[in-house]
Amino acid sequence: MPVTTGNSKRDKSEAPKAKPEAPKAKPEAKPGRSRAEQREDTRLAILDATIASLIENGHAATTTRGVAERAGVSQGAVQHYYPTRAELLDAAIRRVADITAQAVIETYSTTAGSERERVAVLVDELWTLAQVAPVSVGFEFLAAARTDPEMSSTVAHLVQHLEETVFGVARGVLGELADRPGARDWMRITVITIAGVLLTASVPAATALVPDWPTVRHHIMTSFDTWRAERS
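Everything numeric in this text was worked out from a predicted model, so none of it was measured.

Asker: Sorry if this is basic, but what is going on with helix H1 (residues 35-57) here?
Answerer: Residues spaced three or four apart along an α-helix point in a common direction, a consequence of the helix completing one turn every 3.6 residues. Taking 1.5 Å of rise per residue, the 23 residues of H1 would be expected to cover 33 Å, and the 32 Å separating its terminal C-alpha atoms lies within 8% of that figure. The positive-phi residue at the C-terminal boundary of H1 is Gly58, with phi of around 85°.

Asker: Could you clarify how one ought to interpret the packing of aromatic side chains in this entry?
Answerer: Here the distance between the centres and the angle between the planes together describe a pair of aromatic rings. This structure, assessed with the given rule, holds 3 aromatic pairs. Where Trp127 meets Trp213, the ring centres are 4.2 Å apart and the plane angle is 10°; that geometry is what we call stacked. Placement of Trp127 in helix H5 (residues 115-130) and of Trp213 in helix H9 (residues 213-231) is noted, with a sequence separation of 86 residues between them. Considered together, Trp127 and Trp213 belong to a single accessibility category, that of buried residues. Aromatic pair Phe224 and Trp227: ring centres 5.7 Å apart, planes at 55°, arrangement tilted. Linking Phe224 with Trp227, this pair stays in helix H9, spanning 3 residues, or about one helical turn. A relative accessible area of 8% places Trp227 in the buried class. Aromatic rings pair up to connect Trp186, Phe224 and Trp227 into one cluster. The ring of Phe167 has Arg184 lying over it, and the distance from NZ or CZ to the ring centre is 4.0 Å.

Asker: Just checking my understanding: could you explain the pattern of salt bridges for this structure?
Answerer: If the charged atoms of two oppositely charged side chains come close together, the side chains can form a pair. The final tally for this structure, using the stated rule, is 15 salt bridges. Asp48 serves as the salt-bridge partner of Arg95, at 3.0 Å between the closest nitrogen and oxygen. On the criterion of sequence distance, the pair formed by Arg95 in helix H4 (residues 85-108) and Asp48 in helix H1 is long-range, its members being 47 residues apart. The exposure class of Arg95 is partly exposed, given its relative accessible area of 23%. Accessibility expressed as a relative area gives 18% for Asp48, which makes it buried. Through salt bridges with shared partners, a single ionic network connects Glu115, Arg116, Glu176, Arg180, Asp225 and Arg228.

Asker: Sorry if this is basic, but what is going on with the packing of H4 against H5 here?
Answerer: If you want to describe how two helices pack, look at the angle between their axes and the distance between the axes. At a closest axis distance of 12 Å, the pairing of H4 and H5 adopts a crossing angle of 150°. Helix-helix and strand crossings are classified by hand; for H4 and H5 the assignment is right-handed. Taking contact as the criterion, the partners of Thr100, Val104 and Tyr108 in H4 are, on H5, Val121, Glu125 and Leu129. Of the residues that constitute the contact of H4 with H5, the class distribution is 4 nonpolar, 1 polar and 1 charged.

Asker: Before we go on, may I ask you to explain the nonpolar core in this structure?
Answerer: General note: in soluble globular proteins, nonpolar side chains tend to be found buried as a group. With 36 residues, the main nonpolar core has Val119, Leu122, Met187 and Ile194 as its most contacted residues. Elements represented by at least two residues in this core include exactly H4, H5, helix H7 (149-174), helix H8 (183-201) and H9. It is H5 that provides the largest number of residues to this core, a total of 9 residues. If near-sequence neighbours (up to four positions away) are discounted, Val119 is found in contact with Leu174, Leu177, Trp186, Met221 and Phe224. The next biggest cluster of nonpolar side chains, apart from the first, holds 27 residues, and it includes Leu89, Val96, Val137 and Val155.

Asker: What exactly am I supposed to notice about the side chain of Asp90 here?
Answerer: You can see Asp90 is positioned in helix H4. On the basis of relative accessibility, which here comes to 8%, the residue Asp90 falls in the buried class. When near neighbours in sequence (up to four residues on either side) are disregarded, Asp90 contacts Phe141, Thr154 and Leu158.

Cut-off values and rules
Residues numbered from 1 in each chain as written. Predicted model: local features only at pLDDT ≥ 70, side-chain atom pairs only at ≥ 80, totals over all residues. Heavy atoms only, no water. Helix = DSSP H or I, 4+ residues; strand = E, 2+ residues; numbered from the N terminus. Expected span 1.5 Å × (residues − 1). Phe/Tyr/Trp six-rings, centres within 6.5 Å; stacked < 30°, edge-to-face > 60°. Buried < 20%, exposed > 50% of the residue type's maximum accessible area, 1.4 Å probe, protein only. Lys NZ or Arg CZ within 6 Å of the ring centre and 35° of its normal. Salt bridge = Lys/Arg side-chain N within 4 Å of Asp/Glu carboxyl O. Axes fitted to C-alpha atoms, helices over the stretch in contact; angles between N-to-C directions. Left-handed = near helix turned anticlockwise from the far one by under 90°. Contact = heavy atoms within 4.5 Å. Nonpolar A, V, L, I, M, F, W, Y, C, P; charged D, E, K, R; others polar. Core = buried A, V, L, I, M, F, W, Y, C linked by side-chain atoms within 4.5 Å.

Okay, here's the thing in structure tokens:
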């Protein structure tokens, strides 16, 4: 069963995306740039190449060698900045999370309406973004950490970063509502619900178990109503 955005305020194609065109040749030093700036240019080129690979090839097929080729640098250069593949993927997903979060805050920080209406907008946006690569690849990364020792050593820091990113977005969109007691737990449950639905939907044999988005959204918003009633 295909997963659709249902009542989402925006179609997937309109969600903020970080889909850079990876350079095909070694980045040339820009005139007047210091060594530190040149190193930062190289590091960002590596991350953008990683993001492009995640979008086109997915998590499993993204390798340090392939990233090096995309970025126009040596594999040794990639490993200089990111000694392991897990660290490379972690850094790339963090970069996407930060860029995406800023785009959402800029788009929705002036959203009008009641608290519930603004929460519904945020929930719809989280659903939409969770299906856009490479944000969706982040869920694959988390799932792979269960059986990959290299990734599991990195994923705890990534989870913490992603959680803080989500709450940063919530605070930017919802204001003081995001700081009320219980708000963090409600947001965690919302994110875990969305991730669980999408991960289940990604398994062909399990798609019959997946409710449509309007149903999932209804239950998420009902849980918000319950939390708000308890705190009022």
